[in-house]
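Here is how the chains run, residue by residue.
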Amino acid sequence: MSRIIIHLEAKSAATVTQLKTFKQIWQIGLSEARTRFSKPGVLAEALLFQNNHAEVRQQLQATIKLLKDADTRVSIYELEEEESFQDPSTHQFQKIDVETLQNILEAYEDD
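Residues numbered from 1 in each chain as written. Predicted model: local features only at pLDDT ≥ 70, side-chain atom pairs only at ≥ 80, totals over all residues. Heavy atoms only, no water.

Undergrad: It is not clear to me how helix α4 (residues 98-107) should be interpreted in this structure. Could you clarify?
TA: Every α-helix carries 3.6 residues per turn, so stepping three or four residues along brings you back to the same face. Buried within α4 are the following residues: L101, I104 and L105. The buried residues of α4 all sit within an arc of 95 degrees when viewed along its axis, so they share a single face. Those residues of α4 that are exposed and aimed more than 90 degrees away from the buried face are E99 and A107. Considering only its buried residues, α4 is in contact with β1 (2-8), α3 (53-69), β3 (74-80) and β4 (94-96). (Buried < 20%, exposed > 50% of the residue type's maximum accessible area, 1.4 Å probe, protein only. Helix = DSSP H or I, 4+ residues; strand = E, 2+ residues; numbered from the N terminus. Arc of directions from axis to C-beta. Contact = heavy atoms within 4.5 Å.)

Now the structure itself:
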């Protein structure tokens, strides 16, 4: 199993509509969505290849689309399930690009 971390690189000027969309994707409160977009840090975190993989895949794909539409700078990291994510400026993690994440997600789509 892999953990995917979407890390916001800089404060985002996400619109209220984009925040509401993010809120719906991750089933969090609007204030939590606003907080996550207000400063650099973990925007979203997901565990792949578990029983809820189809749901997680949809969440990540919707998040990628939202972030592209919002022109938001993020870094994506792939970690082992037990690995603890810390500040990427002081620790080295496996960084992947959006295309790689999309390929991972598409390779394991349910038939």
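Undergrad: Hey, could you run me through the environment of Q61 in this one?
TA: Among the structural elements, Q61 can be located in helix α3. In this structure, the C-alpha to C-alpha distance between Q61 and A46, residues 15 residues apart in sequence, is 12 Å.

Undergrad: Help me understand the nonpolar core in this model?
TA: A general tendency of soluble globular proteins is for nonpolar side chains to be buried together. Counting 25 residues, the largest nonpolar core has I4, I6, F22, W26 and L60 as the members making the most contacts within it. Among the secondary structure elements, those contributing two or more residues to this core are β1, α1 (16-26), α2 (30-38), β2 (41-47), α3 and α4. Examining the composition of this core, we find that 5 residues originate from one element, α3, more than from any other. Those residues in contact with I4 that lie beyond four places of it in its chain are A44, E45, A46, L48, L60, I76, Y77, E78, I96 and L101. Ranked by size, the runner-up nonpolar core spans 5 residues in total, among them I5, Y77, L79 and F93. (Core = buried A, V, L, I, M, F, W, Y, C linked by side-chain atoms within 4.5 Å.)

Undergrad: Explain the confidence of the model for the chain to me, please; I cannot follow it from the model alone.
TA: In low-pLDDT segments, the atomic positions of the prediction should not be examined closely. Per-chain confidence: the chain averages 88 in pLDDT, with 92% of residues scoring 70 or above. Within the chain, the lowest mean pLDDT, 88, falls on α4, and the highest, 96, falls on α1. (pLDDT = per-residue confidence, 0-100.)

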